[in-house]
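The residues making up each chain are set out below.
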Amino acid sequence: MTSQPKLILLPSSDWEDYALLDSGGGHRLERYGSQILRRPEPEAIWNPVLPESAWQGAHARFIPSPEENGGHWERLRPGPDRWSMEYKGLRFWVQLGASRHTGIFPEQAAQWDWAAKQIRSSARPVNVLNLFGYTGLASLSAAQAGARVTHLDASRKVVTWARENQVLSRLENKPVRWIIDDALKFIHREARREAGYDGIILDPPKFGRGPKGEVWEFYKLLPELLAACVKALSKQPRFILLTAYAVKASAVTLYYAMEEAMRAWPGQIEAGEVVLVDQSAGRLLSTAIFARWSSQEGENG
């Protein structure tokens, strides 16, 4: 019989270089290092708390286009298009480009910390795979904690960005393998050869394309992805972490998908929503859903 999940809200409370200053009216106002940015946020259906003058003080705002995920940044005050930030010894580049995203999802910091804790509390070396790895912060955090890491993304541009972040963080001597490939094709190959990953980090998009035009669709292919990941795990896996953005699913869905995938191993599963804390009113802005499994080896949490 399956269990009933107890869902949690997961904030990232240890930031110094980032803050969600305010939200409301379909937007969010954020501080990325020295830069104040304004972006659309459909979840923010309430009214802002800060005065309009605070919002008008933003250095840049993102103006969406009619096409999904399209748009451009408009500079409102002088500032760089690319600058560095830091989190617990990791340094990385953020930038204003053709997307509303800046190269970092600050709400994921709590997940980096959780995975790093699993790695550090393990009694043996940990081999980690980060699929859909983007600009590499989860990979570099895992490497910083002592893991051997395989980082994969379909975009050569973001893998180059991730490697620049590795240099900026002075982690060039850490064992990170950088791969540009289609995630599903790669994990099937790893499953066939029984690659033996102790930890897997998954952050698949709702829709995407591989480097050769391979199509990724979340609902259609997630079960296949999880099944292949299970076959690529070691005989004593340490953790698996799944996050999902912009999908019409709940954390309960991910919980049961994770429970079914990991039923062969004793451990614990947590699921819930990844949130940012609005500094102006203490409100929680939900950004994604997640489920994560950890073994009973060492200290969990």
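Located above this text is the structure these notes cover.
Remember, predicted model here, so these are calculated numbers, not experimental data. (Residues numbered from 1 in each chain as written. Predicted model: local features only at pLDDT ≥ 70, side-chain atom pairs only at ≥ 80, totals over all residues. Heavy atoms only, no water.)

## Topic: the overall build of the protein
- When helices and strands are counted, the protein shows 7 helices and 17 strands.
- A compact globule built from 301 residues would reach a C-alpha radius of gyration of about 19 Å, and the protein, at 19 Å, matches this within 12%.
- Judged by the C-alpha coordinates and their principal axes, the protein covers about 55 × 45 × 35 Å.
- Relative to its 301 residues, the protein shows a buried fraction of 50%.
- The long-range share in the protein, meaning contacts at least 24 apart out of those at least 6 apart in sequence, stands at 65%.
- On the protein, the mean spot of the 37 positive side-chain charges and the mean spot of the 34 negative ones are 4 Å from each other. (Helix = DSSP H or I, 4+ residues; strand = E, 2+ residues; numbered from the N terminus. Rg over C-alpha atoms; globule rule 2.2 N^0.38 Å. Buried < 20%, exposed > 50% of the residue type's maximum accessible area, 1.4 Å probe, protein only. Contact = heavy atoms within 4.5 Å. Lys, Arg positive; Asp, Glu negative; His and termini not counted. Charge placed at Lys NZ, Arg CZ, Asp CG, Glu CD.)

## Some words on a nonpolar patch on the surface
- A contiguous nonpolar surface patch, about 230 Å² in accessible area, is contributed by Leu7, Val252 and Tyr256.
- When you line up the elements, tyrosine 256 lands in helix α7 (residues 251-261). (Patch = residues over 30% accessible without salt bridge, like charges linked within 9 Å, V, L, I, M, F, W, Y side chains within 5 Å. Areas by Shrake-Rupley, 256 points an atom, 1.4 Å probe, with all protein chains shown as cover. Salt bridge = Lys/Arg side-chain N within 4 Å of Asp/Glu carboxyl O.)

## Re the layout of surface pockets
- As a volume, the second largest pocket reaches approximately 220 Å³.
- Along its surface, the second largest pocket is lined by Pro223, Leu226, Ala227, Val230, Ala257, Glu260, Ala261, Arg263 and Ala264.
- Residue contributions to the lining of the second largest pocket peak at 4 residues, all from helix α6 (residues 218-231).
- A per-class count over the lining of the second largest pocket returns 7 nonpolar, no polar and 2 charged. (1 Å grid on protein atoms, 1.4 Å probe; cavity = no way out; pocket = protein on both sides within 12 Å on 5 of 7 lines; lining within 4 Å. Points joined across faces, edges and corners; volume = space filled by probe spheres on them. Nonpolar A, V, L, I, M, F, W, Y, C, P; charged D, E, K, R; others polar.)

## What about the sheet that holds strand β12 (residues 199-202)?
- As summarised here, the arrangement of the 8 strands in space is β1-β16-β17-β15-β12-β9-β10-β11, forming an open sheet in which the pairing is mixed. Since the sheet does not close on itself, it has two edges, and those belong to β1 (7-11) and β11 (176-180), each with one partner. The sheet shows a mean angle of 20 degrees between the axes of neighbouring strands, taken without regard to direction.
- Note that strand β9 (residues 127-131) and β12 share 4 bridges and pair parallel. The residue bridging leucine 129 from the neighbouring strand is isoleucine 200, located in β12.
- Across the sheet, helix α2 (residues 109-120) lies against β1, β9, β15 (239-244), β16 (267-277) and β17 (284-295), angled at about 170 degrees from β15, the strand it touches most.
- Contacts between helix α5 (residues 183-192) and the sheet are confined to β9, β10 (148-153) and β11, with β9 contributing the most and set at about 155 degrees to the helix. (Pairing = 2+ DSSP bridges. Axes fitted to C-alpha atoms, helices over the stretch in contact; angles between N-to-C directions.)

## Quick look at the side chain of serine 295
- With respect to the helices and strands, serine 295 occurs in strand β17.
- Accessibility expressed as a relative area gives 7% for serine 295, which makes it buried.
- Here the side chain of serine 295 touches arginine 238 through a polar contact of 3.0 Å, side chain to side chain. (Polar contact = N/O pair within 3.5 Å; in protein donor to acceptor, adjacent residues only side chain to side chain.)

## As for the packing of aromatic side chains
- A complete count under the given rule lists 11 aromatic pairs for this structure.
- Pairing tryptophan 15 with phenylalanine 92 gives two aromatic rings, centres 6.3 Å apart and planes at 85 degrees, and the pair type is edge-to-face. Linking tryptophan 15 in the loop between β1 and β2 (18-24) with phenylalanine 92 in strand β8 (residues 90-95), this pair joins segments that are 77 residues apart in sequence. This pair shows no difference in class: tryptophan 15 is buried, exactly as phenylalanine 92 is.
- Ring centres of tyrosine 18 and tyrosine 32 lie 5.1 Å apart, and the angle between their planes is 75 degrees; on these two criteria the pair is classed as edge-to-face. (Phe/Tyr/Trp six-rings, centres within 6.5 Å; stacked < 30°, edge-to-face > 60°.)

## Remarks on the environment of glycine 24
- Along the chain, glycine 24 falls in strand β2.
- Linking glycine 24 and alanine 288, residues 264 residues apart in sequence, is a C-alpha distance of 18 Å.
- With residues up to four places along the chain from it excluded, the contact list for glycine 24 reads Ala44, Trp46, Asn47, Pro48 and Trp55.

## Brief notes about the pairing of β2
- Counting buried positions over the 7 residues of β2 gives 7, a clear majority of the element.
- Here β2 runs beside strand β3 (residues 27-32); their pairing, made up of 6 bridges, is antiparallel. Bridged to tyrosine 18 within β3 is tyrosine 32.
- What sits between the antiparallel neighbours β2 and β3 is a turn of 2 residues, in which glycine 25 has the positive phi angle 60 degrees.

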